[in-house]
Amino acid sequence: MPTGLVALLDDVSVIARAAAASLDDVGVAAAKAGSKAAGVVIDDAAVTPSYVTDFTPDRELPVIWRIARGSFFNKLVILLPAALLLSAFLPGAITPILMAGGLFLCFEGAEKVMEKLGGEKHGETLADQPTDLAAFEEQRVSGAVRTDLILSAEIMAIALAEVSGESIVQQGIILAVVGIAITVAVYGAVGLIVKMDDIGLHLVEKSSALARGVGALLLKAMPVLLTLLATVGTLAMLWVGGGIILHGSEELGLHGPAHLAHDAQVAVQLATGPLGGVLGWLTYAVISAIVGLVLGAIVAGIVHIVAKARGKH
């Protein structure tokens, strides 16, 4: 795991503890719940920059702020009450709802892969020279907030599972702490990532040779980093979506697919010694991504067939 993301997750734990300083038990539970959602936090941080990279520098931070506001709304206004209500009255519905969200992530990821392979594009970029930039921005923000809703639902579900033994009030406080801390951390990190080129331009104008060197390095690294993040973001949609489907299927009694993935993970861990943890996780992620790609492609195919059929009438 990249050291920057490790530091980010450490910061999330610190923020969660500070937010609940007067409630020691809640603070400990929030830190524990937040750390359990670390994998999805990383995926969220990787996915989001892809929604911002087509904008001009003056619109990057405003767009990130709009997406962050949508993320706060998702977590605190939609998901927090829904999670508490489902936990109290209909806990059995949580898994199917998460699986539906996971399938949507698979669909989104598969669409992006199909576009990369030469398929029909679904959504404008600035290269298409959209005539209505405000509508273009609104479309991008809406897409990012929809994706965030699914990732946030997974974060909140993981956190809820860790604190299911607490009272309903403590559950609400813990989920709110985790939601706020993770949103601030993720979108703060995304803001720094997309402004790296501006920081680099500022540094190359300094008199110090060291500052100029660092600035030049940032400018050279930025296009590579954004391309890498776009790729990781697409893969994250697939492996998170596929992972949700595998885990949910196991929860609902269909154990075979998840067991095969776990068995492959364990086999790689045992065969690779000191690198077993990383390579084992990577194995499970690849299998999850393959599952996500297959399911997403099926859904995308159905959606396109239905769309074309409607267009003919």
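Residues numbered from 1 in each chain as written. Predicted model: local features only at pLDDT ≥ 70, side-chain atom pairs only at ≥ 80, totals over all residues. Heavy atoms only, no water.

Attention now goes to the overall build of the protein. If you tally the helices and strands in the protein, you get 11 helices and 0 strands. Counting from the amino terminus, the protein carries its helices and strands in the arrangement α-α-α-α-α-α-α-α-α-α-α. In the protein, which comprises 313 residues, the share counted as buried stands at 42%. Of the contacts formed within the protein by residues at least 6 apart in sequence, a portion of 74% connects residues at least 24 apart. Carbon and sulfur atoms form 69% of the exposed surface of the protein, whose accessible area is close to 16100 Å². (Helix = DSSP H or I, 4+ residues; strand = E, 2+ residues; numbered from the N terminus. Buried < 20%, exposed > 50% of the residue type's maximum accessible area, 1.4 Å probe, protein only. Contact = heavy atoms within 4.5 Å. Areas by Shrake-Rupley, 256 points an atom, 1.4 Å probe, with all protein chains shown as cover.)

Further remarks concern the environment of His247. Relative to the helices and strands, His247 resides in helix 9 (residues 209-251). In this structure the C-alpha to C-alpha distance between His247 and Thr95, which are 152 residues apart in sequence, comes to 8.9 Å.

Bringing the side chain of Thr183 into the picture now. Here Thr183 shows up in helix 7 (residues 168-194). Setting aside its immediate chain neighbours within four residues, Thr183 contacts Ala68, Ser71, Phe72, Lys75 and Gly188.

Here we take up the packing of helix 4 (residues 57-89) against helix 6 (residues 133-162). Contact geometry of helix 4 with helix 6 gives a least axis separation of 8 Å together with a crossing angle of 40 degrees. In terms of axis orientation, helix 4 runs oblique to helix 6. As helix 4 runs across helix 6, the sense of the crossing is right-handed. Partitioning the contact of helix 4 with helix 6 into residue classes produces 13 nonpolar, 5 polar and 6 charged. (Axes fitted to C-alpha atoms, helices over the stretch in contact; angles between N-to-C directions. Parallel < 35°, antiparallel > 145°, perpendicular 65-115°, else oblique. Left-handed = near helix turned anticlockwise from the far one by under 90°. Nonpolar A, V, L, I, M, F, W, Y, C, P; charged D, E, K, R; others polar.)

Oppositely charged side chains may form a pair once their charged atoms are brought near each other. One pass over the structure, following the stated rule, counts 4 salt bridges. In this structure, Glu137 engages Arg66 in a salt bridge whose closest nitrogen and oxygen atoms are separated by 3.1 Å. Taken together, the residues span a long stretch of sequence, with Glu137 in helix 6 and Arg66 in helix 4 at a distance of 71 residues. On the accessibility criterion, Glu137 (9% relative accessible area) is buried. Judged by its relative accessible area of 23%, Arg66 falls in the partly exposed class. Among the salt bridges present, the one from Asp148 reaches Lys75, with a minimum N-O distance of 3.8 Å. Of this pair, Asp148 sits in helix 6 while Lys75 is found in helix 4, placing the two residues 73 residues apart along the sequence. The same class applies to Asp148 and to Lys75, which are both buried. Salt bridges sharing partners connect three or more residues here, namely Arg66, Glu137 and Glu138. (Salt bridge = Lys/Arg side-chain N within 4 Å of Asp/Glu carboxyl O.)

Quick look at helix 5 (residues 94-116) now. Given 3.6 residues per helical turn, the α-helix brings residues three or four places apart onto the same face. The terminal C-alpha atoms of helix 5 lie 33 Å apart, and with 23 residues this matches the ideal 33 Å at 1.5 Å per residue to within 8%. A positive phi of about 100 degrees marks Gly118, the residue just after helix 5. (Expected span 1.5 Å × (residues − 1).)

On the surface, a nonpolar cluster with roughly 730 Å² of combined accessible area is contributed by Trp281, Leu282, Val286, Ile290, Val294, Ile298, Ile302 and Val306. Looking at where Ile290 falls in the secondary structure, it is placed in helix 11 (residues 276-312). (Patch = residues over 30% accessible without salt bridge, like charges linked within 9 Å, V, L, I, M, F, W, Y side chains within 5 Å.)

Our next topic: the packing of aromatic side chains. According to the stated counting rule, one finds 2 aromatic pairs in the structure shown. Plain terms: the ring middles of Phe104 and Phe107 are 6.4 Å apart, the flat faces sit at 45 degrees to each other, and that makes the pair tilted. Here Phe107 and Phe104 lie together in helix 5, a separation of 3 residues that amounts to about one turn. Judged by relative accessible area, which is 14%, Phe107 ranks as buried. (Phe/Tyr/Trp six-rings, centres within 6.5 Å; stacked < 30°, edge-to-face > 60°.)

Our next topic: the confidence of the model for the protein. In this model, the protein carries an average pLDDT of 78, and 77% of its residues clear a pLDDT of 70 or more. When the elements of the protein are averaged for pLDDT, helix 1 (residues 3-19) gives the smallest value, 49, and helix 10 (residues 256-271) the largest, 92. The low-confidence segment residues 1-6, where pLDDT is below 50, has 5 contacts with residues more than four positions distant or belonging to other chains. A low-confidence stretch, residues 15-23 (pLDDT under 50), is modelled with 11 contacts involving residues beyond four sequence positions or located in other chains. (pLDDT = per-residue confidence, 0-100.)

Mapped onto the secondary structure, Ser71 falls in helix 4. Between the C-alpha atom of Ser71 and that of Ile182, which follows or precedes it by 111 residues, the distance is 9.9 Å. Sequence-distant contacts of Ser71, defined by excluding residues within four places in its chain, comprise Asp148, Ser152, Thr183 and Tyr187. One polar contact links Ser71 to Lys75, side chain to side chain, over a distance of 2.6 Å. A polar contact of 2.9 Å, which involves the side chain of Ser71, links it to the side chain of Asp148. (Polar contact = N/O pair within 3.5 Å; in protein donor to acceptor, adjacent residues only side chain to side chain.)

For the rest of this paragraph, the subject is the side chain of Lys195. Here Lys195 is to be found in the loop between helix 7 and helix 8 (196-204). With residues up to four places along the chain from it excluded, the contact list for Lys195 reads Pro57, Glu60 and Leu61.

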